[in-house]
Amino acid sequence: MYYRHKLDYVYPEKSDEHMIDVPHLRDVDLNETYPYLQKSFWYKCKRVFLWVILNTVVFWLLRITHGLKIYGKENLKPHREALKNGAITVSNHVFMWDFLCVLKAIRPRLSFFPAWKTNLEGPNGPLIRLAGGIPIPTHSMRCMVKFKQAMEEVLASKKWMHVYPEGSLWFFYPDIRPLKKAVFRYAVKFDRPIIPITMSFRERRGITRLFTKKPAVDLHVGAPLFCDKSISPTDAAEKLRAETYHVMQVMNGINPGDPTYNEDQDIDSYVKTM
């Protein structure tokens with residue numbers, strides 16, 4: 001059986017409900033003129049500097065702080081030609097800055113990702129924007145149009161996008177929660193492969209057990225999944241969503257017939273397993 005921690009986390013009742021409390025340090029006004037996708041020369045320069053820091057410092061620290069091990073990168077090699085046009089990576093969301101683990105797995109690429117507005121108003125807000133965060137507006141349909149335009153511009157320009165389709169962070173939750181539909185619609189619309197990535201856990205060993213009770217992290221990279229062009233876009237998105245959900249569960253050692261294997265992606269009916 002895959003590893004399940006014994007930490008005292010209380011998970012929300014709804015699978016896409018947030019369980020973190022972010023200190024409010026600044027107001028982010030997501031109006032119609034807000035630069036959802038930053039494109040300035042200075043921003044691009046800072047992104048180059050970020051890439052250097054990630055590769056010289058941060059990626060090495062992840063092995064120490066999270067015991068990070070990465071498996072399956074070889075699954076991408078046969079698809080290099082298809083991936084030149086961009087891709088969408090998806091993963092479970094299980095700790096703060098697990099996005100850095102994803103970046104290590106897909107390096108040398110940097111990626112963009114939709115970001116929770118509350119996080120941008122907290123202490124990590126500037127770093128989230130620099131890392132590629134595109135804030136999600138919730139109060140205005142006009143602003144949501146601007147957000148979607150930014151997402152589509154990233155995909156149309158053949159850049160990489162990362163999405164957490166579970167919709168929220170649950171600390172070290174061992175099972176895969178239902179996946180929201182939007183990312184799979186984007187994949188079909190722009191004909192971009194979905195690369196499933198999962199993070200599972202193992203018990204800490206050695207001296208690191210003296211510093212933290214949190215489990216060590218194993219990151220798994222799956223082979224790209226492509227949309228079925230022989231069916232309607234709506235059906236293709238739903239099929240891709242179901243395939244991704246199955247693959248992500250199996251990658252984490254959750255197989256059909258296991259008690260926590262799930263096929264129902266209805267967020268409202270999902271029953272948490274811990």
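Predicted, not measured: the structure shown is a model, and the values here were computed from it.

Peer 1: Describe the nonpolar core, naming the residues involved and giving the relevant values.
Peer 2: Core analysis: the largest hydrophobic core is formed by 77 residues, its most contacted members being I88, I134 and M161. Once residues within four sequence positions are removed from consideration, I134 is found in contact with Y36, L37, F112, F113, P114, A115, R129, F147, A150, M151, V154 and M161.

Peer 1: Residues and numbers for the layout of surface pockets, please.
Peer 2: Each pocket or cavity is described by its volume, and for the largest pocket that value is around 990 Å³. Along the wall of the largest pocket there are 35 residues; nearest its centre are P114, A115, I136, Y164 and G167. Listing elements by their share of the lining of the largest pocket, those giving two or more residues are α3 (98-106), β3 (111-116), α4 (117-120), α6 (141-156) and α7 (182-189). Split by residue class, the lining of the largest pocket holds 20 nonpolar, 7 polar and 8 charged.

Peer 1: Mind laying out α3, listing which residues take part and the relevant values?
Peer 2: Counted residue by residue, α3 has 9 buried out of 9 residues, so it is predominantly covered. Listed as buried for α3 are D98, F99, L100, C101, V102, L103, K104, A105 and I106.

Peer 1: Could you give an account of the side chain of R129, naming the residues involved and the relevant values?
Peer 2: Within the secondary structure, R129 is located in helix α5 (residues 125-131). Buried charged residue R129 carries no salt bridge. Nearest counter-charge: E153, at 11 Å. Other than its neighbours up to four places away in sequence, R129 contacts Y34, P35, Y36, Q38, Y43, L120, I134 and P135.

Peer 1: Explain the pattern of salt bridges to me, and be specific about the residues and the numbers.
Peer 2: Side chains bearing opposite charge may pair, as long as their charged atoms lie close to each other. The final tally for this structure, using the stated rule, is 14 salt bridges. Residue E81 is joined to K84 by a salt bridge in which the shortest nitrogen-to-oxygen separation is 3.3 Å. Per residue, the accessibility class of E81 equals that of K84, and both read exposed.

Peer 1: How would you sum up the pairing of strand β5 (residues 160-163)? Please name residues and give values.
Peer 2: Residue alternation in β5 divides its side chains into two sets, W160 and H162 and M161 and V163, and both sets are buried. Pairing of strand β2 (residues 88-91) with β5, which is carried by 3 bridges, proceeds in the parallel orientation. What sits directly across from I88, in β5, is M161. One ladder, built from 2 bridges, connects β3 with β5; its direction is parallel. Directly across from S111, in β5, lies its bridge partner W160.

Peer 1: Describe in detail the sheet that holds β2, supporting the description with residues and values.
Peer 2: One open sheet accounts for 7 strands, arranged β1-β7-β6-β2-β5-β3-β4; its pairing is mixed. Unpaired on one side and paired on the other, β1 (69-71) and β4 (133-136) mark the two borders of the sheet. Mean inter-strand twist for the sheet, computed between neighbouring axes without regard to direction, equals 25 degrees. The sheet contacts of α7 involve β2, β5 and β6 (194-202), and relative to β2 the element is tilted by about 160 degrees.

Cut-off values and rules
Residues numbered from 1 in each chain as written. Predicted model: local features only at pLDDT ≥ 70, side-chain atom pairs only at ≥ 80, totals over all residues. Heavy atoms only, no water. Core = buried A, V, L, I, M, F, W, Y, C linked by side-chain atoms within 4.5 Å. Buried < 20%, exposed > 50% of the residue type's maximum accessible area, 1.4 Å probe, protein only. Contact = heavy atoms within 4.5 Å. 1 Å grid on protein atoms, 1.4 Å probe; cavity = no way out; pocket = protein on both sides within 12 Å on 5 of 7 lines; lining within 4 Å. Points joined across faces, edges and corners; volume = space filled by probe spheres on them. Helix = DSSP H or I, 4+ residues; strand = E, 2+ residues; numbered from the N terminus. Nonpolar A, V, L, I, M, F, W, Y, C, P; charged D, E, K, R; others polar. Lys, Arg positive; Asp, Glu negative; His and termini not counted. Salt bridge = Lys/Arg side-chain N within 4 Å of Asp/Glu carboxyl O. Pairing = 2+ DSSP bridges. Axes fitted to C-alpha atoms, helices over the stretch in contact; angles between N-to-C directions.

Shape descriptors only; they carry no functional weight alone.
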